[in-house]
Amino acid sequence: MRDALRFEWVRLTTVRSTYWLLGMAVLFPALLTLLIGLVTRNEDVTPELLAGLITSGVAFFPLPLPAVLLGILGVLAVGHEYRHGTMRPALTALPNRSALAAAKLIVIAATSLVTALVILLVDYALIALIHGVPDFGGAAVASFAGFVVLLVLWGVLGVEATLLTRLTALVLPLLFVLPLVIEPVLRGLPFLIPALEPLQPASRFLPFTAGAQLAQPMDLAAVADEFGSAGPQPLSRAANGAVFAAFIALVLAPAWLLFEKRDA
Amino acid sequence: MITAQNLRKVYGNKAAVDGLSFEVRPGAVTGFLGPNGAGKSTTMRLMLDLDHGGGETLFDGRRFRQIHHPLREIGSVLEAKAFHPTRSARNHLRMLAAANDIPAQRCDDVLEIVGLTQVAKGKPKSFSLGMGQRLGLAAALLGDPHTLILDEPANGLDPQGIHWLRDFLKSFAASGRTVFVSSHLLSEMALMADELVVIGRGRMIDSGPVQQFVERFSTVQVVVRSPRLAELVELLRGPGVTEQPSGDGAAILDGVTREQVGDLAAAHGIALHELSTRTASLEQAFLEATGAASEYRASAVGEGVHS
């Protein structure tokens, strides 16, 4: 396993796309935080909204940009190997396919984790500079942990989806289309078609919708209790995490099996 | 020693490799021959456990996937240009070396062996096919293995490169190591290989020393030239003896030995201006052996061309 991890680390760190993707994953949220932070510097902004900025707004925007960039990093971890014909040389050096798949997942997950922490640190520093050190509540602090978990799971998703399909050209668009188009449409259908209204509570279990709520800085259940809500009770952070993790596990099982069984 | 036993690979209802068994012994270059689509590349992938199929290949008694650091024992090149276009040649090798705990210094050594030191830090996207082959060979040599499995390694190499490859593989084998190499360059194989494994349509046609293969699949012809050629040929006619026309006043005879022709000419007082034998080349033997087993055959020149 150590050999596979060493291989994967050298593989990851010797292609330029890695640095581009990681750079963008840190830079774009930082620019967004800087921009909104400066625009709102003289306003009374709640700690929850500041926490939302620090977590790149992934709970609010349909496309969690840093998560998608780490997903792409995961896609390329496998996609590059198939596209450029290096999977066979890799497997002649590391015939244990499970070890190679595990190494890819671990290295991308670890890189995603560190990147998420760097994003949090940079954006926290920017907010602290502009607005002073905020007094974050429990939900906001938990959203930071949720943000890290979300980004790690997206990185893993990129690897496993490409292990499953071997098609970078299919997986890359899906990473954008599923959270940005498909799930919003599915969430909206019960409102547009009365017959589908009973299905509305099920929309909470859409994986990307649930995953984004891992980084929700507000306690939506408490808000719903206080102000009342016509819709179903929001899922807890743990439940949202479980939904997204279950989706990741669901993709991982056939991906692993196929990688073991099919021809290289 | 490589021992392949009953290798089999089926795509749909078509057997690409059909019960192949052979041995590749150390100390010799073993050529792997077969027409296009014969199953050579599939066989090599089966040997290296890259493809799943029937049978097994043992390297000194072990399956490939059971070998702890395979690059240290078996080097392989299955495709030219199997590298990321912007990862430098040295980093490509570093990556593979890391997988088998091979020191990074060895990357520089093998780049020097294959003559790519000058482009070690360059991006290989501009590499020619030949340079790609050299990088592949460098990767195969990383772990200083005792066995090389190479699929068409001469593809894209210039004449100097082919000459270098031939000398390299021959000396590699001469040091007691094992070389299993496929090629469609028969003239090259004739100069390089000591043993052959010849397949057609996924099935074994022949295996053994090159000379044995040539002798088995070709006939020795007798070339005779004489001022009384027609009379001599008439005397030689008999069961199994055939004459091929030759435009330069000679006759090419099958089914008769040089000694028989000489004796008969002497007995009838016929002067001979030439009496020689013509042995078929590896190419002729290969065409003879695999003629019926060619998967894809073009039409003969002129055939199917209508004015």
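Anything mentioned here points back to the structure above.
Residues numbered from 1 in each chain as written. Chains lettered and ligands numbered in written order. Predicted model: local features only at pLDDT ≥ 70, side-chain atom pairs only at ≥ 80, totals over all residues. Heavy atoms only, no water.

1. Some remarks on the interface of chain B and chain A
Argument step 1. Across the contact, 33 residues belong to chain B and 26 residues belong to chain A.
Argument step 2. For the interface between chain B and chain A, the tally reads three salt bridges.
Argument step 3. Put simply, R88(A) and E79(B) hold a salt bridge, and the shortest N to O gap is 3.0 Å.
Argument step 4. Those elements giving two or more residues to the side of chain B that touches chain A turn out to be β1 (2–11) and α2 (89–99) of chain B.
Argument step 5. Ranked by residue count, the leading element in the side of chain B that touches chain A is α2(B), at seven residues.
Argument step 6. Across the side of chain B that touches chain A, the residue classes tally to 13 nonpolar, nine polar and eleven charged. (Contact = heavy atoms within 4.5 Å. Salt bridge = Lys/Arg side-chain N within 4 Å of Asp/Glu carboxyl O. Helix = DSSP H or I, 4+ residues; strand = E, 2+ residues; numbered from the N terminus. Nonpolar A, V, L, I, M, F, W, Y, C, P; charged D, E, K, R; others polar.)

2. So, the pairing of strand β12 (residues 250–254) of chain B
All names here are of chain B.
Argument step 1. Here β12 lies mainly inside the structure; five of its five residues are buried.
Argument step 2. Across four bridges, strand β10 (residues 221–225) lies against β12 in antiparallel orientation. Looking at the pairing, V224 lines up with A251 of β12.
Argument step 3. Across three bridges, strand β11 (residues 242–244) lies against β12 in antiparallel orientation. Of the residues in β12, the one forming a bridge with T242 is D254.
Argument step 4. A loop of five residues connects β11 with β12, the two strands running antiparallel in sequence, and G249 in this loop sits at a positive phi of about 80 degrees. (Buried < 20%, exposed > 50% of the residue type's maximum accessible area, 1.4 Å probe, protein only. Pairing = 2+ DSSP bridges.)

3. Let's talk about the side chain of R262(A)
Argument step 1. Inspection of the secondary structure assignment puts R262(A) in the segment after α11 (237–261).
Argument step 2. Despite being buried, R262(A) has no salt bridge partner; D263(A) is the closest side chain of opposite charge, sitting 8.9 Å away.
Argument step 3. At 2.3 Å, the side chain of R262(A) forms a polar contact with the backbone oxygen of L163(A).
Argument step 4. Residues in contact with R262(A), not counting those within four places in the same chain, are R97(A), L163(A), L164(A), T165(A), R166(A), L50(B) and H52(B). (Lys, Arg positive; Asp, Glu negative; His and termini not counted. Polar contact = N/O pair within 3.5 Å; in protein donor to acceptor, adjacent residues only side chain to side chain.)

4. A word on the environment of A139(B)
All names here are of chain B.
Argument step 1. With respect to the element layout, A139 can be found in helix α4 (residues 129–141).
Argument step 2. The exposure class assigned to A139 is buried, which follows from its relative accessible area of 9%.
Argument step 3. Sequence-wise, A139 and Y11 are 128 residues apart; in three dimensions their C-alpha atoms are separated by 30 Å.
Argument step 4. Setting aside chain neighbours within four positions, we find A139 in contact with L93 and L96.

5. Some thoughts on helix α10 (residues 282–290) of chain B
Residues and elements named next belong to chain B.
Argument step 1. Turning to α10, its buried residues number three or more, namely L282, A285, F286, A289 and T290. The buried residues of α10 occupy an angular sector of 110 degrees when the element is viewed end-on, so they sit on one face. Residues of α10 that are exposed and angled more than 90 degrees away from the buried face: L287 and E288.
Argument step 2. Elements in contact with the buried residues of α10: β3 (29–33), α6 (186–192), β8 (195–200), β9 (203–209) and α7 (210–216). (Arc of directions from axis to C-beta.)

6. Remarks on the pattern of salt bridges
Argument step 1. Considering all chains together, one arrives at 21 salt bridges over all chains under this definition.
Argument step 2. D263(A) is the salt-bridge partner of K9(B), the closest N and O atoms lying 2.7 Å from each other. Here the residue K9(B) occupies a position in strand β1, and D263(A) occupies one in the segment after α11, the pair thus bridging two chains.
Argument step 3. The shortest N-O distance in the salt bridge between D108(B) and R90(B) comes to 2.7 Å. Placement of the pair is D108(B) in helix α3 (residues 105–114) and R90(B) in helix α2, with a sequence separation of 18 residues.
Argument step 4. The exposure class of D108(B) is partly exposed, given its relative accessible area of 27%.
Argument step 5. Residue R90(B) is classed as partly exposed on the basis of its relative accessible area, which comes to 22%.

7. Here's the deal with empty space enclosed by the protein
Argument step 1. Inspection of the entire model under this criterion finds four cavities of 30 Å³ or more.
Argument step 2. Lining the largest cavity are 21 residues; nearest its centre among them are P89(A), S76(B), V77(B), L78(B) and G136(B).
Argument step 3. When residues of the lining of the largest cavity are traced back to their parent elements, those giving at least two are α5 (87–93) of chain A together with β5 (74–77), α2 and α4 of chain B.
Argument step 4. If one sorts the elements of the lining of the largest cavity by residue count, α4(B) sits on top with five residues. (1 Å grid on protein atoms, 1.4 Å probe; cavity = no way out; pocket = protein on both sides within 12 Å on 5 of 7 lines; lining within 4 Å. Points joined across faces, edges and corners; volume = space filled by probe spheres on them.)

8. What to know about a nonpolar patch on the surface
Residues and elements named next belong to chain A.
Argument step 1. On the surface, a cluster of nonpolar side chains totalling about 510 Å² of accessible area is made up of F176, V177, L180, V181, I182, V185 and L186.
Argument step 2. In this structure, V181 sits in helix α8 (residues 168–192).
Argument step 3. Judged by relative accessible area, V181 falls into the partly exposed class, the value being 42%. (Patch = residues over 30% accessible without salt bridge, like charges linked within 9 Å, V, L, I, M, F, W, Y side chains within 5 Å. Areas by Shrake-Rupley, 256 points an atom, 1.4 Å probe, with all protein chains shown as cover.)

9. Here's the deal with the nonpolar core
Argument step 1. The biggest cluster of nonpolar side chains holds 141 residues, and the ones touching the most others in it are L93(B), I149(B), L169(B), F180(B), L196(B) and F213(B).
Argument step 2. Not counting residues within four places of it along the chain, the set of residues in contact with F213(B) comprises L196(B), V198(B), D206(B), L282(B), A285(B), F286(B) and A289(B). (Core = buried A, V, L, I, M, F, W, Y, C linked by side-chain atoms within 4.5 Å.)

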